[in-house]
Amino acid sequence: MKSLKWLIIFILLLLQSGCWSKVEVDEQIFVLAIYIDKGKKPGTVEVTISSPLPNRMMSGQQAGSSAASGKPYAMISRSGITIPDTMSIIQKDLTRRLNFGHTREIIVGQDYAEAGIGDLLDWIEKEPNFHISSYLATAEGKAKDIAELTPLYEEMPAEVLRKMTLQHYLFTTKVKECLIARYSHVGFSTNYMSISSLPIPSENGKPEKWAGINGAALYQGDKMTGSLPYREARAIAWSSGRLGRQVYSTTWDDGKSQASVLFDNFKFNKKVRMTKQGPRFTIQLKASGNIIYRKDSKRRNDTEISRIVTNQLNSKIESDLSSALRMTKNSKSDALKLGLLLEWNYPGYWKRIHEDWPEFYRNLNHVQIKAKVDVINITNQP
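Note that this is a predicted model, so its numbers are computed, not measured.

Chemist: I would appreciate a short explanation of the overall build of the protein chain in the present structure.
Modeler: When its secondary structure is counted, the protein chain shows 12 helices and 14 strands. Within the span of the protein chain, comprising 382 residues, buried residues form 47% of the whole. For the protein chain, restricting intrachain contacts to residue pairs at least 6 apart in sequence, the fraction spanning at least 24 positions comes to 69%. Surface accessibility of the protein chain: about 20100 Å² in total, with carbon and sulfur atoms responsible for 51%.

Chemist: Sorry if this is basic, but what is going on with helix 6 (residues 157-166) here?
Modeler: Note: α-helices contain 3.6 residues per turn, so residues at a spacing of three or four share the same orientation. Turning to helix 6, its buried residues number three or more, namely Pro157, Ala158, Val160, Leu161 and Thr165. Projected down its long axis, helix 6 shows its buried positions confined to an angular sector of 160 degrees, all on one face. At the exit of helix 6 stands His168, carrying a positive phi of roughly 55 degrees.

Chemist: When you look at the confidence of the model for the protein chain in this model, what are you seeing that I'm missing?
Modeler: The predicted coordinates of low-pLDDT regions are not to be read in fine detail. Confidence in the prediction of the protein chain, expressed as mean pLDDT, is 87, and 87% of residues score 70 or more. Across residues 62-68 the pLDDT falls below 50, and counting only partners more than four positions away or on other chains, this stretch makes 13 contacts in the model.

Chemist: I tried to follow the nonpolar core on my own but got confused; where do I start?
Modeler: Buried together is how nonpolar side chains tend to be arranged in soluble globular proteins. One finds Met87, Val108 and Leu120 to be the most contacted residues of the largest nonpolar core, which totals 81 residues. When residues of this core are assigned to their parent elements, the largest contribution, 8 residues, is made by helix 9 (residues 302-330). Non-local contacts of Val108, meaning those with residues more than four positions away in its chain, are made with Ile36, Ala113, Ile117, Leu120, Leu136, Ala137, Thr138, Ala139, Ala143 and Tyr219. Ranked by size, the runner-up nonpolar core spans 17 residues in total, among them Ala147, Met156, Ala158 and Met193.

Chemist: Please explain the packing of helix 8 (residues 230-239) against helix 9 as it appears in this structure.
Modeler: For any two helices packed against each other, one specifies the crossing angle of their axes together with the interaxial distance. One way to put it is that helix 8 packs onto helix 9 with a least axis distance of 8 Å and a crossing angle of 95 degrees. Classed by the angle they form, the pair helix 8 and helix 9 counts as roughly perpendicular. Of helix 9, the residues touching helix 8 (which contributes Arg231, Glu232, Ala235, Ile236, Trp238 and Ser239) are Lys316, Ile317, Asp320, Leu321, Ser323, Ala324, Met327 and Thr328. Residues that form the contact of helix 8 with helix 9 fall into these classes: 7 nonpolar, 3 polar and 4 charged.

Chemist: Would you mind showing me how to read the side chain of Asp320 here?
Modeler: With respect to the helices, strands and loops of the structure, Asp320 is situated in helix 9. In this structure the side chain of Asp320 is engaged in a polar contact, spanning 2.6 Å, whose partner is the side chain of Arg231.

Chemist: Can you walk me through the pattern of salt bridges in this structure?
Modeler: Pairing between side chains becomes possible if they bear opposite charge and their charged atoms approach one another. Tallying each qualifying case throughout the model produces 18 salt bridges. Members of the salt-bridge network, linked through shared partners, are Glu154, Glu159, Arg162 and Lys163.

The rules behind the values
- Residues numbered from 1 in each chain as written.
- Predicted model: local features only at pLDDT ≥ 70, side-chain atom pairs only at ≥ 80, totals over all residues.
- Heavy atoms only, no water.
- Helix = DSSP H or I, 4+ residues; strand = E, 2+ residues; numbered from the N terminus.
- Buried < 20%, exposed > 50% of the residue type's maximum accessible area, 1.4 Å probe, protein only.
- Contact = heavy atoms within 4.5 Å.
- Areas by Shrake-Rupley, 256 points an atom, 1.4 Å probe, with all protein chains shown as cover.
- Arc of directions from axis to C-beta.
- pLDDT = per-residue confidence, 0-100.
- Core = buried A, V, L, I, M, F, W, Y, C linked by side-chain atoms within 4.5 Å.
- Axes fitted to C-alpha atoms, helices over the stretch in contact; angles between N-to-C directions.
- Parallel < 35°, antiparallel > 145°, perpendicular 65-115°, else oblique.
- Nonpolar A, V, L, I, M, F, W, Y, C, P; charged D, E, K, R; others polar.
- Polar contact = N/O pair within 3.5 Å; in protein donor to acceptor, adjacent residues only side chain to side chain.
- Salt bridge = Lys/Arg side-chain N within 4 Å of Asp/Glu carboxyl O.

Quick look at the structure:
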C-alpha cells in the first residue's frame, strides 16, 4: 500500500513537470503558406513564407486592416540555391524557429512550375514536420504576387487561399497526389490562380488586390506542361471526383430561351478494356440537380423543358470534357490519370509502355465520353 502511495505521488509530479525536448509555442513561427518562384539570378529559387503575428491578432481588429497596429501576418522573402538553403537564410534572421506543421497552402509560380517542382517535392518528403496533405496551386505569374491579396473575410491571405480550396469549386490538389503522379508517370491538375486590382466597395472603392481561380494548370510528372480554361478545367475536376456545387446554364431557341441548373451531386466512372487495337477507355459523368432559373419563349410544359435542358446539358458536358481531353493530350499531361487505371487493370501491359506513357497518351484515340444528368425539379414559369 505504501508503494502504491509513492507511485501515485511520482506520477503526479511527472504531470506537473511540463514538456521536455520540445520547443515552446511562443518560440515558434507557424508557417501557414509558402510561395515558391524562380529567383532573379539563374539557378536560384525565391521563397516567401506567410505566418501570423500573435501580438497583432486582436479579436476586435478588422480583417485585413492595416491600422496603426499593423497587419496580423508577416511575409518574408529570400532567395537561395535550393529551398532548404533559402529556408536557412530566412531562419537566421528570425528570433523564433520555423514550424511547418501548420502549413496548408503551397503556391508555385508558373516559371518555377514549368522548370519542374521536383526539388520542392523532395524537400517536402524529407522535412519531418511537413504534411503531404497540404494543398498545392499554381500562379499564372509570380506566386509571391498571390500573397498580396486583400483578405476581406479572413485575417490572413493564407486563410483565404485555404478556404477557397475547401469550397471544391475546382481542384483540391494535395502534395500526396503530386508525389503519386511523379512516381507513377501520370499527370495531375491544380487550381490556376491569378491576381488583379479591383475597386472594393467595402474599402471605399479603393482598388485592392483580388485573387481568383481562372482554370487549371496541367502537370506531367513534376513539370507544368499547359493549362486549361475554366470550362475544360471544371470537366476534369468532375471526372476526378473533386467538384462541389456548380451551376450549369444552357440556351435554345436562338438564345431566346435559357435555363440554369444547380448540381450538388456529382459522380463519375472510368473503365478500360483491352482490345487488339490497344486499350479503350470509357468516362461517364453523372449528376442530378434542380432548375433554379428558366426562361422559355414558347411556354412549354415542365416535361418538355426538362427534356430540352437534359439533352442540352448532356451535350455541353460531353463537349467540355472532349475539349479538355484534347487539350491535355496536346500538353502530354494525363490529368485524368488514365494511366493509373490501365496499370491497375493490365499491369503487364502498363509495365511495357509506362516509360513512354506521355507520348502514348498524346496519341490515344479510343476514349468514349458519356454524360447523364437528371433534372429532378422544375421551377414555375415566370
